[in-house]
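# Examining the three-dimensional arrangement
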Protein chains: 2
Amino acid sequence: MGLIVQKFGGSSVANAERVNHVAEIITNTYKAGNQVVVVLSAQGDTTDDLIEKANEINPKASKREMDMLLSTGEQISVALMAMAIGRMGFPVVSLTGWQVGMETSSHYGNARIKKVSGTRIQEELDRNKIVLVCGFQGVNKYDDVTTLGRGGSDTTAVALAVALKADLCQIYTDVDGVYTADPRVIKNARKLDEITHDEMLELATLGAKVLHNRSVEMAKTYNMNLEVLSSFTGKPGTIVKEDAKLEKTHVSGVACDKNIARIALVGLQDKPGIAYRIFSMLAKEKINVDIILQSIGRGNTKDISFTVEKDNLAEAARILEEKKHLIGFDHMNTTDTISKVSIVGAGMANNSGVAALMFEALYEANINIHMISTSEIKVSVLIDEEDSEKAMQVVHDKFFNIMQ
Amino acid sequence: MGLIVQKFGGSSVANAERVNHVAEIITNTYKAGNQVVVVLSAQGDTTDDLIEKANEINPKASKREMDMLLSTGEQISVALMAMAIGRMGFPVVSLTGWQVGMETSSHYGNARIKKVSGTRIQEELDRNKIVLVCGFQGVNKYDDVTTLGRGGSDTTAVALAVALKADLCQIYTDVDGVYTADPRVIKNARKLDEITHDEMLELATLGAKVLHNRSVEMAKTYNMNLEVLSSFTGKPGTIVKEDAKLEKTHVSGVACDKNIARIALVGLQDKPGIAYRIFSMLAKEKINVDIILQSIGRGNTKDISFTVEKDNLAEAARILEEKKHLIGFDHMNTTDTISKVSIVGAGMANNSGVAALMFEALYEANINIHMISTSEIKVSVLIDEEDSEKAMQVVHDKFFNIMQ
């Protein structure tokens, strides 16, 4: 018994049948004696329909007006869910982003949560109501509607859980937890019972796509326990918490990210300020850079290689080519037929053999490594995109099958 | 040049083509040097889709949640219109009911406007923006979303025009003005250039269905000039204003209302309090009564006849039959195959021949009159429903064709 925040995605409220099913999950939680706050996304087809209508009228519509338009999707979801729960005879109320005081920055389409006033929700909870809240949306200081961008509803749920000091924040998805690898690729992937926020962050970043990064970061900062579980199976999911039990192997999961491209600048002057110049140019154009490797200088030149998202490759290459005279490099190589395979585990830092074991698995499978990047809790390698599935499988087998 | 409030209904924003067409009307008004505030209804199909979704989940959904759901329709309309106007290169902003401070009562589904804060709109006008506002919606004192019920967007437009001290409030519809009779029924009906608020009120009440009553009442109270015109033709419409020029005939229009039924209570005691008892019982059940006629007492009994909307007939008859012992009548007759034909004109009060002329027209056409009711500016008669069209035509001819 306690205060539980539950979040359901667009596919969980896609039609009347799904809405009624989710209403069962919510009211069962309520009947068990909990206070329940629920965050909902827009029905999948609603958002698509709205975007289509907008594109028909103005493909370059202002972001403010897109937010005004798209935020109706979550409002429809919460109203319909309130009707379903009302029909089952439970007290319920639906609330929009502005009604719950979800204050955000003014970056329409990609706003950041600045403050959450839990007052209205607390009042409704005190009246014993199930409270449904529109995910993905807020208001800025001008009282204009904003949306939070990708994964926004996860972030809404965690922000509310933190503001209301919830005991648990459950994120319902179409998978039943966090796996040692993507179960659609690696058939013998195992579901994890527990995982730390840091591990979850690395997995999210690395393309596991279970939870959105911003929501996990926020949960870590405020030490909020998350549970990732399926609205379809009804089984316990994976708990994300600070003191998660470590896996015996020190590795929690294997992830693969194919949305990646590499740029290499060859023959740079070996003098201070070059790296600053390159990456500030890219940052100014909002191009995120992931792995950066700088070669040891040879004579008076050096090379710098780095990865960007595939979509940003052409733009990044254009900018660098334009500024070639300012940066001063000999030539540039780019490739987008690569992928990044990573192992993640909080126990890795104290276990030097882990990286070696990964490299061994790849060597045995005759897979060439282009770049390596390591952190306290992960090891990432860049390989040819065509080797992705094989690499995932052999690395997963090395850690999760052979050693058990 | 001045401040103009324009209202467009659901059919005016039904699809991208219509939205772009209305955007032309709005921007032409702006280009002519006016400040422009626009009130929009939901796209017709949007509201229908939402109601269908709600019915599928809960046919008896709470009115609060229905308002939460349906208010998204207008939000979609204003966002799409802002995109269309933005594409044409004009400065524009869309605003919801809560953003413009449209404070209403708490009667979900049928709320009344209590106060309008024009501050936000004025700020946007000062920035030279075209301001688009969601019709039909507001917020109550709990910060919950309300809707205004039938004709709500007309009322929104007039309320904003009053609050902003607009020079004119234009109501765009699918007809190009107010006619001397419904032009779909009476082929030679004429469009009126001007009409008074009182005449418009009587015509609206009597089934002319051009403007909603509440909007005209508000315009009359605050002496706001309205213009009813078509978004299709681009022609001048009918101006509704206090000092409208009177028609030569003293009659402005002929209207017909078929949504009417009659109840007669026969053999009531001729003593005080009977009428009070009957009509307070009906009022308690929210049944509106229109024409009431009481016969002169014969001996110690009298009869009372009155009309209600067709939908309310069964309910009204049930209530009266249940309370027969309290009211004390001999028997009750009901009929729903009647209709009400009325002539309206501000010049009528000082022209005793007008009613006689109407009765003459009906007599010449051999149409029997069941009940008569008169006010300062109208004469209504109840006739058999099957005589409706003929009655409309002969009365219209009497006033508008023969006399001109």
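## Concerning the interface of chain B and chain A
Between chain B and chain A, the contact holds 43 residues from the first and 43 residues from the second. Where chain B abuts chain A, roughly 3400 Å² becomes buried across the two surfaces, and 62% of that area is made up of carbon and sulfur atoms. Looking at the side of chain B facing chain A, the largest losses of area belong to Ile 57, Met 83 and Trp 98 of chain B, adding up to 22% of the total buried there. Put simply, chain B and chain A have 2 salt bridges between them. As a salt-bridge pair, Asp 144 of chain A and Arg 120 of chain B come within 2.7 Å of each other at their nearest N and O atoms. Counting across the interface, chain B meets chain A through 20 residue pairs in polar contact (both at pLDDT 80 or more). Elements supplying a minimum of two residues to the side of chain B that touches chain A: α1 (16-31), α2 (44-57), α3 (63-87) and β3 (92-95) of chain B.

## A short note on helix α9 (residues 313-322) of chain A
Each turn of an α-helix holds 3.6 residues, which means side chains three or four residues apart point in the same direction. Residues and elements named next belong to chain A. Within the sequence span of α9, burial applies to Leu 313, Ala 316, Ala 317, Ile 319 and Leu 320. The buried residues of α9 occupy an angular sector of 160 degrees when the element is viewed end-on, so they sit on one face. Residues of α9 that are buried in the fold lie against β14 (261-269), α8 (274-284), β16 (301-308), α10 (324-327) and β17 (331-335).

## Thoughts on the packing of α1 of chain B against α3 of chain B
Residues and elements named next belong to chain B. With their axes 9 Å apart at the nearest point, α1 and α3 run at an angle of 65 degrees to one another. On the basis of their axis angle, the class for α1 and α3 is roughly perpendicular. α3 is crossed by α1, and the crossing has right-handed handedness. Along the contact surface, α1 presents Val 19, Asn 20, Val 22, Ala 23, Ile 26 and Thr 27, while α3 presents Leu 80, Met 81, Ala 84 and Ile 85.

## A closer look at the pattern of salt bridges
Counted under the stated rule, the structure contains 36 salt bridges over all chains. Residue Glu 65 of chain A is joined to Arg 64 of chain A by a salt bridge in which the shortest nitrogen-to-oxygen separation is 3.0 Å. Taking the relative accessible area as the measure of exposure, Glu 65 of chain A reaches 3% and is therefore buried. Close ionic contact of Lys 340 of chain B with Asp 290 of chain B constitutes a salt bridge, the shortest N to O distance being 2.4 Å. Within this pair, whereas Lys 340 of chain B is found in strand β18 (residues 338-344), its partner Asp 290 of chain B is found in strand β15 (residues 289-294), the two being separated by 50 residues in sequence.

## Focus: the sheet that holds β16 of chain A
Residues and elements named next belong to chain A. Sheet architecture is open: 4 strands sit in the order β15-β16-β14-β17, paired in antiparallel fashion. The two strands at the open ends of the sheet, each matched to only one other strand, are β15 (289-294) and β17. Strand-to-strand twist of the sheet, defined as the mean angle between neighbouring strand axes without regard to direction, takes the value 15 degrees. Bridge analysis of β14 against β17 gives 5 bridges, and the strand direction is antiparallel. Along β17, the bridge assignment pairs Val 266 with His 331.

## Side note on unusual backbone geometry
Residue and element names in this part refer to chain B. A positive phi angle, close to 75 degrees, is found at Phe 136, a residue other than glycine. Structurally, Phe 136 can be placed in the loop between β6 (130-134) and β7 (137-139). Its relative accessible area of 17% is what places Phe 136 among the buried residues. Residue Lys 165 is not a glycine yet carries a positive backbone phi of 50 degrees. As for its position among the elements, Lys 165 is in the loop between α5 (152-163) and β9 (168-173). You can call Lys 165 exposed: its relative accessible area is 70%.

## A short note on the packing of aromatic side chains
Remark: the centre distance and the inter-plane angle together describe each pair of aromatic rings, the angle taken between the planes. Residues and elements named next belong to chain A. Here the structure, examined in full by the defined rule, presents 7 aromatic pairs over all chains. Seen in terms of ring centroids, Tyr 30 and Phe 90 are 5.9 Å apart; in terms of plane orientation they differ by 85 degrees. Their pairing is edge-to-face. Here Tyr 30 is found in helix α1 (residues 16-31), whereas its partner Phe 90 is found in the loop between α3 (63-87) and β3 (92-95), with 60 residues between them in sequence. For Phe 90, a relative accessible area of 18% corresponds to the buried category. Seen from their ring centres, Phe 279 and Phe 306 are 5.0 Å apart, and the 80 degrees between their planes marks the pair as edge-to-face. You can see Phe 279 sitting in helix α8 and its partner Phe 306 sitting in strand β16, a full 27 residues away along the chain. A cation sits over an aromatic face here: Arg 18 above Phe 232, 3.8 Å from the ring centre.

## Remarks on the sheet that holds strand β19 (residues 371-375) of chain B
All names here are of chain B. What the 4 strands build is an open sheet, ordered β13-β18-β20-β19; its pairing is antiparallel. The open sheet has two edge strands, β13 (253-257) and β19, and neither has a second partner. Strand-to-strand, the axes of this sheet are offset by a mean angle of 20 degrees, without reference to chain direction. Against the sheet, helix α11 (residues 353-364) makes contact with β18, β19 and β20 (378-384), and its axis sits at roughly 20 degrees relative to β20, the strand it touches most. Helix α12 (residues 388-401) contacts β13, β18 and β20 of the sheet and is inclined by roughly 170 degrees relative to β13.

## Considering the relation of the copies chain B and chain A
Rotating chain B by 180 degrees about the axis while translating it 0.0 Å along that axis superimposes it on chain A, leaving an RMSD of 0.1 Å. As the rotation angle and translation indicate, the two copies are arranged about a two-fold axis. Taking C-alpha positions as reference, the residue of chain B nearest the rotation axis is Thr 72 of chain B, located at 2.6 Å. Looking at the interface residues of chain B, 100% of them are also at the interface in chain A, so both copies use one shared face.

The rules behind each value
Residues numbered from 1 in each chain as written. Chains lettered and ligands numbered in written order. Predicted model: local features only at pLDDT ≥ 70, side-chain atom pairs only at ≥ 80, totals over all residues. Heavy atoms only, no water. Contact = heavy atoms within 4.5 Å. Buried area = accessible area lost by both parts, 1.4 Å probe. Salt bridge = Lys/Arg side-chain N within 4 Å of Asp/Glu carboxyl O. Polar contact = N/O pair within 3.5 Å; in protein donor to acceptor, adjacent residues only side chain to side chain. Helix = DSSP H or I, 4+ residues; strand = E, 2+ residues; numbered from the N terminus. Buried < 20%, exposed > 50% of the residue type's maximum accessible area, 1.4 Å probe, protein only. Arc of directions from axis to C-beta. Axes fitted to C-alpha atoms, helices over the stretch in contact; angles between N-to-C directions. Parallel < 35°, antiparallel > 145°, perpendicular 65-115°, else oblique. Left-handed = near helix turned anticlockwise from the far one by under 90°. Pairing = 2+ DSSP bridges. Phe/Tyr/Trp six-rings, centres within 6.5 Å; stacked < 30°, edge-to-face > 60°. Lys NZ or Arg CZ within 6 Å of the ring centre and 35° of its normal. Least-squares fit on C-alpha atoms with pLDDT ≥ 70 in both.

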